[in-house]
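Reading the structure
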Amino acid sequence: MCGIVGYIGKQKASAIILEGLKRLEYRGYDSAGLAVQQNGRFGLVKKVGRVDNLIAQAAKARLTGTTGIGHTRWATHGGVTDANAHPHLSSDGKFALIHNGVIENYVSIKKFLLTKGYTFQSETDTEVLCNLIAYHYAKETEEEGTSRFLTSVRKTLHHAEGTYGIATMCTDCPAEIVAARKGSPLILGVGDNEYLLASDVSALISRTQNVVYLKDREIVHITARNFSISTLDQEDVAPVIDTVTWRVEDSDLGSSAHFMEKEIFEQPAALENTMRGRFSEDQSTANFGGLNLPPFEFRQIDRIHFCACGSAWHACLVTEHLIERFARMPVEVDYSSEFRYRNSPLPASTLFFIISQSGETIDSLAALREAKRKGYKVLTMVNVVGSTIAREADGGVYQHVGPEIGVASTKAFTSQLLLGAMLALYFARMRDMSYSDGVEYVQALKMAPELVRKVLEQAPHIREIARRYAHYKDFLFLGRLSLFPVALEGALKLKEISYIHAEGYPAAEMKHGPIALISEQCPSVFFAPAGEMFSKLVSSMQEIKARRGRIIAIVTEGCELPPGLADELILIPPCHEAVLPIVATVPVQLLSYYIAVELCRDVDKPRNLAKSVTVE
Ligand code: F6R
């Protein structure tokens, strides 16, 4: 959840690290800091607040060194204070450390270190780890051919329980960084006479496209001239250098006011990229090269189990609906965080699917590992290429929507809906769906970008509605069938970026309890698309109206609502059932976004949140 950046090269490290931290800020934004090797000691600046705060402080500090590390924090252990911000220094001043993750046994290590005379300035687990490195370093003797610095980090990590992505420097080794990971992402960038480290490729791509994705329990030792990777158990690792395809412009704001706005409006292009090259030559089914699921193996599977968190979990619920409806296969959807501890009995013929934009969400990674441990085949739908979930799965599909920087998921969510619809088609065509129905389904999916474009044209109208409704304190989002999960997603979007209380419910379930909330003060966002449920949806709306509840109705063009039933109307174009969830999502993204803007919220970095939740 925190952002990590490191640099060794010929340039001023502070400028490069600060630029990297700016790009990583979405991973955590409580506080930020950096340390640079400077004439045998560390030049250290750390500050509560945003990276801009740190930039202002760093400008005064004259940091000229060419080796350094920096960090943006999402607090786990210890409050949001300057002292708790990273980097942390060991009490002898020899080591600086940044850390993403949680060291679970830090209390006992701290007790031990206190008896040895080490002192602590912060409440963090990270400072404990840093002092443990110093402790091991002090005990080590220099040996020919081995780095004392590396050995003491390795010894420290043998004692550390929990998760970490770390980068550390030692004043005795002015142009060296040692970094390691277990459970938290870490990537080495191999540049032109320089090396970079980051928890996310977006911090590297302005300087290099060549990267090495470190694996769990690997340590990289970087010097000004080269790097070497080994495991915690001292086995050498031959590095594999991958090329990143994301461009630096992809993570720039351009002319948009917020990344969330940019990403909402990017959706037509994102959907095109998700689909590109993924339909069969006869245009009757989907093609998924990376799924590693040959037809004879698919025939052994008779149920699918999805695991995910947050918006990705909502995408699983929509996909469940489509797979059951079109492929007639039973599907189960679990929160990753629940699945990993619930120990559910599952038939051997179950296929697992993990959906994760970042590919680093720790709960989803744990669910993947749990399913694999039990011998199930696990496939994934992931956006970030090379991420841990993508690498550990048996196969999967990439979303190809480029970096999603806004903390609230938008384009990644609709792309997950599209891939879910494509999976439903793929499985359906392997079972009973006819060729001609397949062709019709493919044609419908191909319309998705254009239909989304049409909804986006209504942005000014939705902005007006947002202005009228921004002062309400509670909202209900109501929908049925595949739009019930979209109602959940609408409620989540509104909650997370505007801090307004909102709940999503199946529309007909409302009368079993939530109807008690209905009043003039609690508007309902109501999905009422064309189809066989339309008249039932209208009846549910009447029940709201009868209790003086205000209604923002999202209705298919051409469907007539009784006069006066809806207070606000947002029209969506007619579309195929498989595309409907995508098209219906866009108005609630816009509505939430504009309400948050109206309330002057920090849309891209809402309070308490961070993109990519890499702690449990
Ligand atoms: C909500 C949101 C989160 C994520 C969730 C899972 O807008 O972004 O709920 O969907 O944290 O993240 P990934 O998909 O990266 O596993």
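Here, every reference points to the structure presented above.
Here's a quick rundown of the structure. (Residues numbered from 1 in each chain as written. Predicted model: local features only at pLDDT ≥ 70, side-chain atom pairs only at ≥ 80, totals over all residues. Heavy atoms only, no water.)

1. Here's the deal with empty space enclosed by the protein
To find leftover empty space, a probe the size of one water molecule is rolled over the atoms. Here is the rule we go by: Of the grid points, spaced at 1 Å and generated over the protein atoms alone, those admitting a 1.4 Å probe that cannot get out make up cavities, while open sets with protein on both sides within 12 Å along at least five of seven lines make up pockets; any residue with an atom within 4 Å of a point is treated as lining. Grid points are joined across faces, edges and corners, and a volume is the space filled by probe spheres set on the points. Put simply, Ala, Val, Leu, Ile, Met, Phe, Trp, Tyr, Cys and Pro go in the nonpolar bin, Asp, Glu, Lys and Arg in the charged bin, and everything else, Gly too, in the polar bin. An automatic or database domain assignment is the source of the domain bounds shown.
Per the stated rule, a full pass over the model turns up three cavities of 30 Å³ or more. Volume-wise, the largest cavity comes out at about 220 Å³. What lines the largest cavity is a set of 23 residues, among which R27, D200, S358, E360 and V384 lie closest to the centre. Residue composition of the lining of the largest cavity, by class: 10 nonpolar, six polar and seven charged. A domain-level breakdown of the lining of the largest cavity finds at least three residues from each of domain 1 (3–250) and domain 2 (253–446). Lining the second largest cavity are 15 residues, and of these C2, W74, T76, H86 and G101 lie nearest its centre.

2. A few points about the pattern of salt bridges
Should the charged atoms of two oppositely charged side chains come close, the side chains can pair. Quick reminder of the rule: For this document, the term salt bridge refers to a Lys or Arg side-chain nitrogen within 4 Å of an Asp or Glu carboxyl oxygen. Think of it in three bands: with a 1.4 Å probe and only protein chains considered, a residue is buried below 20% of the maximum accessible area for its type, exposed above 50%, and partly exposed in between. The secondary structure listing takes helices from DSSP runs of H or I that are at least 4 residues long and strands from runs of E that are at least 2 residues long, numbered from the N terminus.
Per the stated rule, a full pass over the model turns up 36 salt bridges. Measuring nitrogen to oxygen at the nearest pair gives 3.6 Å for the salt bridge that ties E25 to K22. Of the residues examined, E25 reaches a relative accessible area of 3% and is grouped as buried. A relative accessible area of 36% places K22 in the partly exposed class. The salt bridge involving D233 is made with R217; its shortest N-O contact spans 3.4 Å. Of this pair, D233 sits in the loop between β13 (227–231) and β14 (236–237) while R217 sits in the loop between β11 (210–213) and β12 (218–223), and the two are 16 residues apart along the sequence. Taking the relative accessible area as the measure of exposure, R217 reaches 35% and is therefore partly exposed. In the salt-bridge network here, residues are joined through shared partners; they are K22, E25, D52 and K605.

3. Let's talk about the sheet that holds strand β2 (residues 31–38)
Applied cut-off: What makes two strands pair is DSSP finding at least two bridges between them. The contact definition used throughout considers only heavy atoms, calling two residues in contact when any of these lie within 4.5 Å. The axes are straight lines fitted to the C-alpha atoms, using for helices just the contacting stretch, and the angles between their N-to-C directions are given from 0 to 180°.
A sheet is described by the order of its strands in space; here eight strands give the open sequence β3-β2-β4-β1-β10-β9-β11-β15, paired in antiparallel fashion. Two strands lie at the open edges of the sheet, namely β3 (41–48) and β15 (242–243), each paired on one side alone. Note that strand β1 (residues 3–8) and strand β10 (residues 195–198) share four bridges and pair antiparallel. Within β10, the residue paired with V5 across the bridge is A198. Its contacts with the sheet place helix α1 (residues 13–24) against β1, β2, β4 (67–73) and β10, and it is angled at close to 155° to β1. Taken strand by strand, helix α2 (residues 51–61) contacts β2, β3 and β4, and its axis lies near 145° from that of β3.

4. Quick look at the pairing of β4
Across the seven residues of β4, seven count as buried, placing the element largely inside the fold. Burial along β4 is two-sided: the residues T67, I69, H71 and R73 and G68, G70 and T72 are all buried. Two strands pair when backbone bridges link them, and β1 and β4 are joined in this way by six bridges, in the antiparallel orientation. By the bridge assignment, G6 is partnered in β4 with I69. With six bridges connecting them, β2 and β4 associate as antiparallel partners. Across the sheet, the residue bridging to L34 is G70, located in β4.

5. Looking at the layout of surface pockets
Approximately 660 Å³ is the volume found for the largest pocket. Lining the largest pocket we find 32 residues, and of these C309, G310, S311, T361 and V613 sit closest to its centre. Mapped onto the lining of the largest pocket, the elements with two or more residues apiece are α9 (310–327), β18 (350–356), α11 (362–373) and α17 (483–498). Per-element tally for the lining of the largest pocket: the top contributor is α9, with five residues. Along the lines of polarity and charge, the residues of the lining of the largest pocket split into 14 nonpolar, 13 polar and five charged.

6. Details of unusual backbone geometry
The linkage connecting H86 with the following residue, P87, adopts the cis geometry, with an omega of 0°. Relative to the helices and strands, P87 resides in the loop between β4 and β5 (88–89). Of note in the backbone geometry, Q234 takes a positive phi value of approximately 70° without being a glycine. Within the secondary structure layout, Q234 lies in the loop between β13 and β14. Of the residues examined, Q234 reaches a relative accessible area of 59% and is grouped as exposed. Unusually for a residue other than glycine, C600 sits at a positive phi of about 60°. Tracing the backbone through its elements, the reader meets C600 in the segment after α19 (580–598).

7. Details of the site of the ligand
Filter applied, for reference: Residues are classed as near a molecule or strand on a simple rule: at least one heavy atom within 4 Å of it. Any pair of N or O atoms that falls within 3.5 Å is considered a polar contact. Within protein, one atom must be able to donate a hydrogen and the other to accept it, and sequence-neighbouring residues count only if both atoms are side-chain atoms. Each accessible area is a Shrake-Rupley estimate made with a 1.4 Å probe; only the visible protein chains count as cover when residues are assessed.
Around the ligand, the surrounding shell holds 14 residues, and the nearest of these are S356, Q357, S358, T361 and E496. In this structure, S358 approaches the ligand through a side-chain N or O atom, which is 2.7 Å from an oxygen atom. Within the side chain of E496, an N or O atom sits 2.5 Å from an oxygen atom of the ligand. Relative to its unbound accessible surface of 410 Å², the ligand loses 87% to contact with the protein.

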